[in-house]
Amino acid sequence: MKLVVVSAGLSSPSSTRLLADRLAAAALEQVDAEVEVIELRDLATEIAQHFVTGFPPARLAAALDAVAAADGLVAVTPVFAAAYSGLFKSFFHVIDKDALTGKPVLAAATGGTARHSLVTEHALRPLFTYLRALVLPTAVYAASEDWGEEGLAQRITRAGRELARFMAPSASGTSATATATAPDVDTTAAIAPRSLHGAITSVDPTDGFEVVPFAQRLAALRPTD
C-alpha cells in the first residue's frame, strides 16, 4: 500500500510539515505502507505553469500521479485569511477530477490561533467532498499553543487510526470500506461527524461506528414528569 502526504508549508522546517509527518507516523503504527511526501513549496512554479499552459511539467505530473495512485492521503495546509493557502488550493485545482474518488483523505491544518480551528470543516471538508474523496471523520487542526499538549497528540492518534482503518484491505481482499467490514450505517453517516441520519459518537475501530438518531438525542434532553 502507498500513503501520500501533501504538505503546503512555505518554510523549512514548518509546523505544517511537522503535523503532516506526525499524522503519517500515527497511520503507520496501524498499517504497513510506503510513504511519499509531496512538498508543494517545491512545485509552486510548476503549478503556475500548468495553469498557463494546460500541461503539467514533469515533477508536477509525477506528484499528481502519486496522489492518484495512493491508497490513502494526508493533506495539510497552513491557514491564510481563515482558509487554506492558495498554493494548496491550486494543487487540488489541477488534479484530475476523478483522482480522489473514494480515496480516504485525512485533512489537517495549522494556524497561529485557535480561532481558525473550524477551517477544517468550512473549507477543507467541502473541498475534498467536491472531489468525491472519503473525508475521514476526524480532521486535525493545530494552533501554535497546541504543540506539546495532550489533546493534539490524542487527535493525531485518532485520525491516524481512522486513516489506517480505511486504507487496510480486509481478509477477503476488498477494501476496509466494503460492506463486509464497514459499520452498518450508510456512507454519508460514516464519513461525516454529523449528518441528517444521526451523530457519530464513536469512531474507535474496536467499537465500530455508533450512530445515535437525532430524534433519540432530542428525546433524552426533554424534561421528564
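Residues numbered from 1 in each chain as written. Predicted model: local features only at pLDDT ≥ 70, side-chain atom pairs only at ≥ 80, totals over all residues. Heavy atoms only, no water.

Peer 1: Which residues make up the environment of phenylalanine 91, and what values go with them?
Peer 2: Following the sequence through the fold, phenylalanine 91 ends up in helix α4 (residues 86-94). C-alpha separation for the pair phenylalanine 91 and alanine 44, spaced 47 residues apart in sequence, amounts to 8.7 Å. Other than its neighbours up to four places away in sequence, phenylalanine 91 contacts Val6, Leu40, Ile47, Leu60, Ala63, Leu64 and Val67. (Helix = DSSP H or I, 4+ residues; strand = E, 2+ residues; numbered from the N terminus. Contact = heavy atoms within 4.5 Å.)

Peer 1: Talk me through the nonpolar core; I want residue IDs and the actual numbers.
Peer 2: The nonpolar side chains of soluble globular proteins are, as a tendency, buried together. Ranked by internal contacts, the top residues of the largest apolar core, which has 37 residues, are Phe91, Phe92 and Phe128. Contributing elements (two or more residues each) for this core: β1 (2-7), α3 (58-69), β3 (72-80), α4, β5 (104-111), α5 (119-130) and β7 (140-143). Among all residues touching phenylalanine 92, those that are not within four sequence positions of it are Val6, Leu73, Ala75, Leu100, Leu127, Phe128 and Leu131. (Core = buried A, V, L, I, M, F, W, Y, C linked by side-chain atoms within 4.5 Å. Buried < 20%, exposed > 50% of the residue type's maximum accessible area, 1.4 Å probe, protein only.)

Peer 1: If you had to explain the packing of helix α2 (residues 44-53) against α4 to someone new, which residues and values would you point to?
Peer 2: Running from N to C, α2 and α4 cross one another at 50°; their axes reach a closest spacing of 10 Å. Classed by the angle they form, the pair α2 and α4 counts as oblique. Taken as a pair, α2 and α4 cross one another with a handedness that is left-handed. Residues Ala44, Ile47, His50 and Phe51 of α2 form the contact with α4, whose participating residues are Leu87, Ser90, Phe91, His93 and Val94. Here the residues of the contact of α2 with α4 sort into six nonpolar, three polar and no charged. (Axes fitted to C-alpha atoms, helices over the stretch in contact; angles between N-to-C directions. Parallel < 35°, antiparallel > 145°, perpendicular 65-115°, else oblique. Left-handed = near helix turned anticlockwise from the far one by under 90°. Nonpolar A, V, L, I, M, F, W, Y, C, P; charged D, E, K, R; others polar.)

Peer 1: So what about α4? Which residues, and what values?
Peer 2: Helical geometry: 3.6 residues make up each α-helical turn, so side chains three or four residues apart lie on a common side. α4 sits mainly inside the fold: seven of its nine residues count as buried. Of all the residues in α4, the buried ones are Leu87, Phe88, Lys89, Ser90, Phe91, Phe92 and Val94. The inward-facing, buried residues of α4 abut β1, α2, α3, β3, β4 (83-84) and α5.

Peer 1: Pulling in residues and values, what's your account of the side chain of serine 14?
Peer 2: On the secondary structure map, serine 14 appears in the loop between β1 and α1 (15-28). Using a relative accessible area of 11% as the deciding quantity, one classes serine 14 as buried. A distance of 3.0 Å separates the side chain of serine 14 from the backbone nitrogen of arginine 17, its partner in a polar contact. (Polar contact = N/O pair within 3.5 Å; in protein donor to acceptor, adjacent residues only side chain to side chain.)

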